[in-house]
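What follows is each chain in one-letter form.
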Amino acid sequence: MSVTYADKADGGHEQHAGHRHHDAHVHGMATLDLVMDGEALMIHLQSPLMNFLGFEHQPETAQQKHIYRDMLQQFELLETLLTVEGASCHAESIEIDDVFANQNEAGHTDIDISYFLRCEQPDKITGLQINLFDIYNRLELLQVQMVLPSGQQQLELNPQRTTLRIN
């Protein structure tokens, strides 16, 4: 598996294939786009940095730098984001955009993370357990858009509802 930290020179307005970038920056809320195509499962998470760090500026103190490094290490693990139920999937790559290149004029900073998974027997996947709420208590709402072989679906997850049913 490879982990890439992308530095986007265009200020974070790059449009990735299959990814939608939102203008809204709402603390407590994040978006998750999920596309399943054969054995490939592509996931894009976009969230205000506040949801994961408690601040949105470049880390200044030793404690802030530690919190920031810990967050990056957490997102290098697929298990931080989700657990696949019913089949075995592994991350082929994880791309984490340079967080502070995405800071807008108001000082709001978003994090964009893309996971590219390969799944054995994808037709056996029954659901995805989203683990973010267990780790990051500032996250209150996750807006999910899924494109699956069975069709498209939009829904919202929260700390009480953390499972996506697939089949």
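Relevant structure appears above.
Residues numbered from 1 in each chain as written. Predicted model: local features only at pLDDT ≥ 70, side-chain atom pairs only at ≥ 80, totals over all residues. Heavy atoms only, no water.

J.: Would you mind showing me how to read the overall build of the chain here?
T.: A count of helical and extended segments in the chain gives four helices and ten strands. Mapped in sequence order, the helices and strands of the chain form the string β-β-β-α-α-α-β-β-β-β-α-β-β-β. Taking all 167 residues of the chain together, 47% fall into the buried category. For the chain, restricting intrachain contacts to residue pairs at least 6 apart in sequence, the fraction spanning at least 24 positions comes to 65%. Summed over all atoms, the accessible surface of the chain reaches about 8500 Å², with 46% contributed by carbon and sulfur. (Helix = DSSP H or I, 4+ residues; strand = E, 2+ residues; numbered from the N terminus. Buried < 20%, exposed > 50% of the residue type's maximum accessible area, 1.4 Å probe, protein only. Contact = heavy atoms within 4.5 Å. Areas by Shrake-Rupley, 256 points an atom, 1.4 Å probe, with all protein chains shown as cover.)

J.: Which parts of the structure should I look at to understand the pattern of salt bridges?
T.: Pairing of side chains with opposite charge becomes possible as their charged atoms draw close. Here the structure, examined in full by the defined rule, presents two salt bridges. Between Arg-165 and Glu-85 there is a salt bridge, with its nearest N and O atoms 3.3 Å apart. Of this pair, Arg-165 sits in strand β10 (residues 163-165) while Glu-85 sits in strand β4 (residues 82-85); the two residues are 80 residues apart in sequence, bridging distant segments of the chain. Here Arg-118 ties to Glu-92 by a salt bridge, and the two come within 3.1 Å at their closest N and O atoms. Here the residue Arg-118 occupies a position in strand β6 (residues 110-120), and Glu-92 occupies one in strand β5 (residues 88-97), the gap between them amounting to 26 residues. Since its relative accessible area comes to 30%, Arg-118 is described here as partly exposed. (Salt bridge = Lys/Arg side-chain N within 4 Å of Asp/Glu carboxyl O.)

J.: For this particular structure, what's the right way to read the sheet that holds β10?
T.: Backbone-to-backbone hydrogen bonds join strands into a sheet, with any given pair of strands oriented parallel or antiparallel. If you trace the three strands from one edge of the open sheet to the other, you get β4-β7-β10, paired in antiparallel fashion. Each having just a single partner strand, β4 and β10 make up the two edges of the open sheet. Across this sheet, the average inter-strand angle for adjacent strands is 15°, counted without regard to direction. Across four bridges, the pairing between β4 and strand β7 (residues 127-130) is antiparallel. (Pairing = 2+ DSSP bridges. Axes fitted to C-alpha atoms, helices over the stretch in contact; angles between N-to-C directions.)

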